[in-house]
Amino acid sequence: MNNLPPETRTDPDDETLPCGRLLSQVWADWEEGVHDDHTAQCAHCRLAVADLERLESQVRSLDSDPAQQPVDATYFIDRVMDVVRLELRPGQPLPLGEADEDLRIMENVAARALRRAAEEVPGVRAGSCRLGGTPVNVDLSVHVPLTTPDVQALAQEIRERVDVTACERLGLHLGEINVRITDLVDDDAASPWSTRSPQSPRSPRSAQEGSAP
Amino acid sequence: MTGNPPSGEPPDVEGGRSDDTLMTERAAEGDEDAFAVLVRGHAPSLLRLATRLLGDRAEAEDAVQEAFVGAWRSLPEFQGRSSFGTWMYRIVTNRCLNILRARRPQAPLNELPDLPAPAHATAPDRITEGRAALHDVQEALSTLSPEQRICWTLRTLDGRSYAFIAKTVGISEQAVRARVFRARRQLTHSLGAWQ
Amino acid sequence: MSASADSMHSELAHVVQEVPGVAFLAPGLRSRLRALRATSPLARPGDDTSGITVSTARGDTRTTVEIRLICRSGRRALDTTRAVREAVSRHLATGYPGREFRIIVTVTGVT
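Reading guide: rules and limits
- Residues numbered from 1 in each chain as written.
- Chains lettered and ligands numbered in written order.
- Predicted model: local features only at pLDDT ≥ 70, side-chain atom pairs only at ≥ 80, totals over all residues.
- Helix = DSSP H or I, 4+ residues; strand = E, 2+ residues; numbered from the N terminus.
- Buried ≥ 20, exposed ≤ 12 C-beta atoms within 10 Å, placed from the backbone.
- Contact = placed C-beta atoms within 7 Å.
- Axes fitted to C-alpha atoms, helices over the stretch in contact; angles between N-to-C directions.
- Parallel < 35°, antiparallel > 145°, perpendicular 65-115°, else oblique.
- Nonpolar A, V, L, I, M, F, W, Y, C, P; charged D, E, K, R; others polar.
- Pairing = 2+ DSSP bridges.
- Domains from an automatic or database assignment.
- Core = buried A, V, L, I, M, F, W, Y, C linked by C-beta atoms within 7 Å.
- Left-handed = near helix turned anticlockwise from the far one by under 90°.
- Expected span 1.5 Å × (residues − 1).
- Bend = angle between axes of the 7 residues up to and from the residue.

### Some thoughts on the overall build of chain A
When its secondary structure is counted, chain A shows 6 helices and 6 strands. Along chain A, helices (α) and strands (β) appear in the sequence α-α-α-α-β-β-α-β-β-α-β-β when read from the amino end. Counting across all 213 residues of chain A, residues that qualify as buried make up 32%. Put simply, of all contacts in chain A between residues at least 6 apart along the chain, 57% involve residues at least 24 apart.

### Side note on the overall build of chain B
Along its length, chain B carries 9 helices and 0 strands. Each helix and strand of chain B, placed in order from N terminus to C terminus, yields the pattern α-α-α-α-α-α-α-α-α. A separation of at least 24 residues holds for 70% of the contacts in chain B among residues at least 6 apart in sequence.

### Overview of the interface of chain A and chain B
Taken together, the contacts link 54 residues of chain A with 47 residues of chain B. Breaking the side of chain A that touches chain B down by element, the ones donating at least two residues are helix 1 (23-32), helix 3 (43-63), helix 4 (74-84), helix 5 (107-118), strand 3 (125-132), strand 4 (136-145) and strand 5 (174-185) of chain A. A total of 12 residues in the side of chain A that touches chain B trace back to one element, the largest contributor, which is helix 3 of chain A.

### Quick look at unusual backbone geometry
All names here are of chain A. A cis geometry characterises the amide bond from Thr134 onward to Pro135, with omega recorded as -5 degrees. If you trace the backbone, Pro135 turns up in the loop between strand 3 and strand 4. Positive phi values are uncommon outside glycine, yet Asp102 reaches one of about 60 degrees. Residue placement: Asp102 occurs in the loop between strand 1 (93-95) and strand 2 (103-106). The partly exposed category is assigned to Asp102, around which 18 C-beta atoms lie within 10 Å.

### Quick word on the packing of helix 3 of chain A against helix 9 (residues 173-190) of chain B
Orientation of helix 3 of chain A relative to helix 9 of chain B, taken along the N-to-C sense of each, is 85 degrees, at an axis distance of 10 Å. Compared by their axis directions, helix 3 of chain A and helix 9 of chain B come out roughly perpendicular. Contacts from Asp51, Leu52 and Leu55 of chain A of helix 3 of chain A reach helix 9 of chain B at Arg184, Leu187 and Thr188 of chain B. Residue composition of the contact of helix 3 of chain A with helix 9 of chain B, by class: 3 nonpolar, 1 polar and 2 charged.

### Regarding the interface of chain A and chain C
At the junction of the two partners, chain A supplies 19 residues and chain C supplies 23 residues. Of all the secondary-structure elements, those providing two or more residues to the side of chain A that touches chain C are helix 4, strand 2, helix 5 and helix 6 (151-170) of chain A. A per-class count over the side of chain A that touches chain C returns 10 nonpolar, 2 polar and 7 charged. Where strand 2 of chain A and strand 4 (residues 101-110) of chain C come together, 3 bridges link them in parallel fashion. By the bridge assignment, Ile105 of chain A is partnered in strand 4 of chain C with Val107 of chain C.

### Overview of the domain arrangement of chain B
Residue and element names in this part refer to chain B. On domain assignment, one finds that chain B holds domain 1 (10-105) and domain 2 (126-195). Taken residue by residue, the interface counts 12 residues in domain 1 and 11 residues in domain 2. Residue assignment for the side of domain 1 that touches domain 2 shows that the elements contributing at least two residues are helix 3 (32-54) and helix 5 (84-103). Here the side of domain 1 that touches domain 2 gets 7 residues from one element, more than from any other, and that element is helix 5. For the side of domain 1 that touches domain 2, the class distribution of residues is 7 nonpolar, 2 polar and 3 charged.

### Looking at the pairing of strand 2 of chain A
Residue and element names in this part refer to chain A. With burial as the criterion, each face of strand 2 is covered, one bearing Leu103 and Ile105 and the other bearing Arg104 and Met106. In terms of strand pairing, strand 1 meets strand 2 through 3 bridges, oriented antiparallel. Bridging across to strand 2, Pro93 finds its partner in Met106.

### Quick notes on the nonpolar core
Across soluble globular proteins, nonpolar side chains show a tendency to be buried alongside one another. Counting residues in each nonpolar core, the largest one holds 121 residues, and the members touching the most others are Leu114 of chain A, Ala50 and Val92 of chain B together with Val16 of chain C. A per-element tally of this core places helix 3 of chain B first, with 11 residues. Ignoring sequence-local partners within four residues, the contact set of Val92 of chain B consists of Leu46, Leu49, Ala50, Ala63, Val64 and Ala67 of chain B.

### With respect to the packing of helix 5 of chain A against helix 6 of chain A
All names here are of chain A. Running from amino to carboxyl end, helix 5 crosses helix 6 at an angle of 135 degrees, the nearest separation of the two axes being 8 Å. Judged on the interaxial angle alone, helix 6 and helix 5 are oblique. Our pair here, helix 5 against helix 6, has a crossing hand that is right-handed. Counted together, Ala110, Ala113, Leu114, Ala117 and Ala118 of helix 5 and Ile158, Arg161, Val162, Thr165, Ala166, Arg169 and Leu170 of helix 6 form the full contact between these two elements. The residue makeup of the contact of helix 5 with helix 6, split by class, is 9 nonpolar, 1 polar and 2 charged.

### Concerning the environment of Lys167 of chain B
Residues and elements named next belong to chain B. Here Lys167 shows up in helix 8 (residues 162-169). Since 16 C-beta atoms lie within 10 Å of it, Lys167 is described here as partly exposed. Note: C-alpha distance between Lys167 and Arg95 (72 residues apart in sequence) is 15 Å.

### Section: the environment of Glu32 of chain A
Along the chain, the position of Glu32 of chain A falls in helix 1. Placed 81 residues apart in sequence, Glu32 of chain A and Ala113 of chain A show a C-alpha to C-alpha distance of 52 Å.

### A short note on helix 3 of chain B
Residue and element names in this part refer to chain B. Taking 1.5 Å of rise per residue, the 23 residues of helix 3 would be expected to cover 33 Å, yet its terminal C-alpha atoms sit only 29 Å apart, more than 12% below that figure. Of all the bends found along helix 3, the most pronounced is centred on Ala43 and spans about 45 degrees, while Pro44, a proline, follows it within four residues. Of all the 23 residues making up helix 3, 17 are buried; the element is thus mostly covered by neighbouring parts of the structure. Two residues or fewer after helix 3 comes Gly55, characterised by a positive phi angle close to 70 degrees.

Right under this line is the structure:
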């Protein structure tokens, strides 16, 4: 079925059309939107392209058949999370109150409360929050608005909120609170968590690290 | 006539959204609520992907569930070299590839089987409407090798670029092109559009 | 020992759940498995005693009682755990005179 010398064929399954063009090339040209005088006029090329177009449009119209689409993934998400909750990673126990009190809070529970505390500062979103050491040190990563006028002041505000929450809501004595700003987020980018009113635009500052003494 | 398939990446995979990054960091530290947010955000598109790749919704759900549970386990080692979405897309695709490989004795890769003409071969439009057409397509897809099927589906139905597919499956772009070509050739044959 | 341990478990479960600020005892794996299909296993109060462990290390004269619980967010976690420790300590002192106990209270969740 192929009468061209093998060196012109890159794929053993390729086929040479009666006009001499390789089928793979004709289809690749179609896919990339490449046109030339030959393809516009050659009946063989046009037929080959029409076949592929028909295939693609028909499989795509079947693909968008609603019966093939997930209607509601809620039960599926519950199913996944049920399995995940059998394999929780709560982290290490951290001392509440004085060290000899035998009262403890799991690292993840504390981290969750401290992230939420940081997010009480408008526009701040918290990511990584690691706790450990004696006394317990905090390493917190946050995203802050691009328009933050004073990043250092914002980092200080976050540290204060974290400290207050650790003391007043948990009863956890903290050592150092390190706040790392890992991204400056554009205010215009719609965020489902964004409840803050837009601030006046200022010159963007580079991300910098604010660290408590 | 349809236009050419899109070559860019839909935003649900490559869009390294700020919130996704934060939720991935939290989940890596064991915050299951953050992981639930990620699952909620990515499950619909991954289920659609796996259903396309496997042609079976129940099998797709099992594959995506296993992919998520595996991701939860390996998140502490996930360094965030790619976005969570890209990572999951890769895990699900490769899981589906393995499922397809295990599904049946593998057909010879390069061989075009000499398929008998279907009964409705004389009908003017060989690909009929609705269920029958779906059945025909699924039958035709089952004649593809797992590798061909994966590459063709990602290209044609999921609209991915050859470069993206190559990175996802872990083969060269040229190999992806060859597989997509073979799949198209075989499908146009099988579905009778060729004559 | 095992009969008295069982009754100690249910007594302590009752004592702990009466303490203000305690939401419920931490559910164990068994009840989490049972809670499959529920939206959140943490939302189901633990009706079992899986959040209580009683053990005695070899060579130790003291019995260790560990309580794992979910706190309510309205009260400082430290105050809740201290109150739990006091209530448990009081109960053990009257119910098991002459025995020494080490009491550990761990917060495994806040709701």
